[in-house]
Amino acid sequence: MAKSKRGREAGASSNTINSNNKSTISSDDLAIIAGVVVVIGDLLALWALLLAKQEDDEQTEEEGLTALISSKKSRRKKR
């Protein structure tokens, strides 16, 4: 093919190759996106576990206080 003034072959378009690469996601980009999604999911799971542990601790504390109060009331009634 004949070369044009810019040094490219006439009839060959470099835009077709570049435009395809810009509109698609590469495998490296997809791997990075998947990694970020996994990290966000792990952080949300950790947060849920911490909140569940905190609720369990509060519930245990409330049950302990309730048992303590009820045992004091029952002792007073027996006297």
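Everything numeric here is computed off the predicted structure, so don't read it as measured data.

Asker: Kindly report on the overall build of the chain, identifying the contributing residues and their values.
Answerer: When its secondary structure is counted, the chain shows two helices and zero strands. Out of the 79 residues belonging to the chain, those deemed buried represent 0%. Within the structure as shown, the chain displays about 7,600 Å² of accessible surface, and the carbon and sulfur contribution to it stands at 59%.

Asker: I'd love a proper account of a negative patch on the surface, names of residues and values included.
Answerer: Together, Glu55, Asp56, Glu58, Glu61, Glu62 and Glu63 make up a region of like negative charge exposed at the surface. Along the polypeptide, Glu58 turns up in helix 2 (residues 27-78).

About the cut-offs
Residues numbered from 1 in each chain as written. Predicted model: local features only at pLDDT ≥ 70, side-chain atom pairs only at ≥ 80, totals over all residues. Heavy atoms only, no water. Helix = DSSP H or I, 4+ residues; strand = E, 2+ residues; numbered from the N terminus. Buried < 20%, exposed > 50% of the residue type's maximum accessible area, 1.4 Å probe, protein only. Areas by Shrake-Rupley, 256 points an atom, 1.4 Å probe, with all protein chains shown as cover. Patch = residues over 30% accessible without salt bridge, like charges linked within 9 Å, V, L, I, M, F, W, Y side chains within 5 Å. Salt bridge = Lys/Arg side-chain N within 4 Å of Asp/Glu carboxyl O. Lys, Arg positive; Asp, Glu negative; His and termini not counted. Charge placed at Lys NZ, Arg CZ, Asp CG, Glu CD.

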